[in-house]
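Read off the chains here:
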Amino acid sequence: MQDYRKNNGLKRHILIVEDDRINREILANILSRDYAVHFAENGRQALDILREREFICSLILLDLMMPVMDGFRFMEEMKADDRLSSIPVIVMTSETDAEVRSIRMGAADFITKPYDMPEVILARCERIIELQEGKSIIHAAEKDNLTGLYTKDFFIEYIRQIEKYSPDEKKDILVLNIEHFHLINELYGRRQGDDVLICIAGLLMKLLDDPRDIGCRTEADYFYIFCHSGADHEKLLRDLLDGLAAAIPSIHVKLRMGIYPDVDKALTAENWIDRAKTACDRIRGDYSRSTAYYNNEFYERSKYHEKLINDIDNAIAARDLIVYYQPKYSIQGEKPTLRSAEALIRWKHPELGMISPGDFIPLFESNGLIQKLDHYVWTEAARQVGEWKRTYGISVPVSVNVSRMDIYYPKLRDDFKALLQANGLETNELMLEITESAYADNADQLVNVVENLRKDGFMIEMDDFGSGYSSLNMLTTIPIDALKMDMKFIRNMQRDTKSMKLVELILDIAGFLQVPVIAEGVETEEQLQLLKERGCDIIQGFYFSRPVPPAEFIPFIEKEVVRRAAQ
């Protein structure tokens, strides 16, 4: 800042408040080379100048004994005026007793009369101004302009300072976040969104009952809290929600809280925040709970997930990800016949062994890596179908999953066409499964993508039909070629009348739409017969085979080759 002023010829402004003309001239001679100097002959005149000023005053040099209004009264008036109270004052006096009183009233320094040491006066003025400017910059950076809570950098620094003086006290870190805050801004406007943030900050400052508890606002709608252990944090969350509902009844706000209790003092404050934030983010979109605790089990799980995320590229390169195939059989003929298969991913990790898809698929769906995984499966499945076709002379179509992330991929159709061309396949040999939950995300986008894929000749299967609320509604707008019935209906249909009725209803709907139904999770002969009697076309499940690696799928193909040759 000092270099900027010098380079641009800018000077700070100093107001000299002194009734003696000679003293004013002496100070002017000392200061005018480096500063823009202004004068007042008493406290009243000085206040008028400051309140009507067209300049920003950096320092006031104040005589104490003056007519009309003396220096002490002037400092009282300044202190009571928010616009003036931050301007530093150097008192000019030769009376030692006045120094103590001046300090108590807020004076920053003293210059002793007579003014016979110009270099000392210049040095003191420069030091006080720089200290005040530094303090102003710190103050501006210390607090969030909107909410008045600490900014993240100062929040962390205050934690460090608190820990110096109370290292043995147990502390917790809380991270609060507003669920879908962007929707509040979009629906009600940014001003209303700001009102929500301000209200939360005000409630936090009111509800944190220990003066050593501090709060911070960062990343738009995240709030951090450093507080003593033992408090009822879930009650704090309820009180916040009650306060918000009372203050802003027109907006429904859902908060979630991540809690890292009894923080590990061997870690840094940044580590504490990261752990609480991890807990908070893990329940994003989970409307069944609002709080999550970070503990050792959580920590180990997070490390495990982090390792899976870090190892995905190596797994693809080393082909540790293996595509398994589960056969699907047509059951309406005299004997079941191989119809197709579903591609299912398995991970044989070099250190962790076989990893359940339930561990890594939801993880990759949440962080966007599912698209990379899907592309790998598509490539492997297309290659395998082409290889079987060339080797055995028959086509075994394979279904591959298309996740909700893939729907937004602009080159989706081009990539599928390239895979077919590279492996000598037709569009009906690589079928596309779209999970029902994807149908609820962006209906317009999905309809457009599905219609274009069907125009290209691809077969579209709605996976997990019946597992969500969107099924029937989406069937009226999105063309499909098959329904995959959610396996929970199959599991319960023999002991639950409602499940059996739903199975029959789904089969009736499919009959009306003239599309086949694929029943997943069939494990027994009884289930097969019940489904066959009610008109189900295709089944998939352990009754025929669990998912198997490519080499173990070959006997199914060979058996089908023999069956066809015998016809």
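Residues numbered from 1 in each chain as written. Predicted model: local features only at pLDDT ≥ 70, side-chain atom pairs only at ≥ 80, totals over all residues. Heavy atoms only, no water.

Trainee: How would you summarise the nonpolar core if you had to cite specific residues and measurements?
Mentor: Core analysis: the biggest nonpolar cluster contains 77 residues, and Tyr325, Phe364, Val400, Phe416, Leu483, Leu531 and Phe553 have the highest contact counts within it. Counting residues per element, this core draws most heavily on helix α14 (residues 370-392), at nine residues. In this structure, Cys199, Ala201, Leu240 and Leu255 belong to the second largest nonpolar core, which totals 27 residues. (Core = buried A, V, L, I, M, F, W, Y, C linked by side-chain atoms within 4.5 Å. Buried < 20%, exposed > 50% of the residue type's maximum accessible area, 1.4 Å probe, protein only. Helix = DSSP H or I, 4+ residues; strand = E, 2+ residues; numbered from the N terminus.)

Trainee: Residues and numbers for unusual backbone geometry, please.
Mentor: Even without being a glycine, Val68 presents a positive backbone phi close to 65 degrees. Looking at the secondary structure, you find Val68 in the loop between β3 (57-63) and α4 (71-80). One non-glycine residue, His180, lies in the positive phi region at around 55 degrees. Within the secondary structure, His180 is located in the loop between β6 (171-178) and α8 (181-188). Relative accessible area serves as the criterion here: at 35%, His180 is assigned to the partly exposed category.

Trainee: Outline the confidence of the model for the chain, supporting the account with residue identities and numerical values.
Mentor: Mean pLDDT for the chain: 87, with 93% of residues reaching 70 or above. Low confidence marks residues 1-5, where pLDDT is under 50. Its contacts with residues over four positions away, or in another chain, come to six contacts. (pLDDT = per-residue confidence, 0-100. Contact = heavy atoms within 4.5 Å.)

Trainee: Could you give an account of the environment of Tyr408, naming the residues involved and the relevant values?
Mentor: Here Tyr408 shows up in the loop between α15 (404-407) and α16 (412-423). Classification of Tyr408 by relative accessible area gives partly exposed; the value is 41%. Taking the C-alpha atoms as reference, Tyr408 lies 39 Å from Phe155; in sequence the two are 253 residues apart.

Trainee: I'd like a rundown of helix α22 (residues 550-566), residues and numbers included.
Mentor: End to end, α22 covers 25 Å across 17 residues, agreeing with the expected 24 Å (1.5 Å per residue, within 8%). Residues of α22 that are buried include every one of Phe553, Phe556, Ile557 and Glu560, and no others. Angular distribution of buried residues about the axis of α22 spans 95 degrees; they occupy a single face of the element. Along α22, the residues that are exposed and aim more than 90 degrees away from the buried face are Ala551, Lys559, Val562, Ala565 and Ala566. (Expected span 1.5 Å × (residues − 1). Arc of directions from axis to C-beta.)

Trainee: Which residues make up a nonpolar patch on the surface, and what values do they have?
Mentor: On the surface, Leu183, Leu187 and Tyr188 cluster together into a nonpolar patch covering about 300 Å² of accessible area. Overall, the relative accessible area of 65% leaves Leu187 in the exposed class. (Patch = residues over 30% accessible without salt bridge, like charges linked within 9 Å, V, L, I, M, F, W, Y side chains within 5 Å. Areas by Shrake-Rupley, 256 points an atom, 1.4 Å probe, with all protein chains shown as cover. Salt bridge = Lys/Arg side-chain N within 4 Å of Asp/Glu carboxyl O.)

Trainee: Tell me about the packing of aromatic side chains, residues and numbers included.
Mentor: Here the structure, examined in full by the defined rule, presents 15 aromatic pairs. Ring plane angle 40 degrees and centroid distance 4.7 Å describe the contact between Tyr150 and Tyr158, whose orientation is recorded as tilted. Taking relative accessible area as the criterion, Tyr158 reaches 30% and is therefore assigned partly exposed. With a centroid separation of 5.5 Å and an interplanar angle of 80 degrees, the aromatic rings of Trp347 and Phe360 are classed as edge-to-face. Residue Trp347 is located in strand β12 (residues 337-349), and its partner Phe360 is located in helix α13 (residues 357-367); the two are separated by 13 residues in the primary sequence. (Phe/Tyr/Trp six-rings, centres within 6.5 Å; stacked < 30°, edge-to-face > 60°.)

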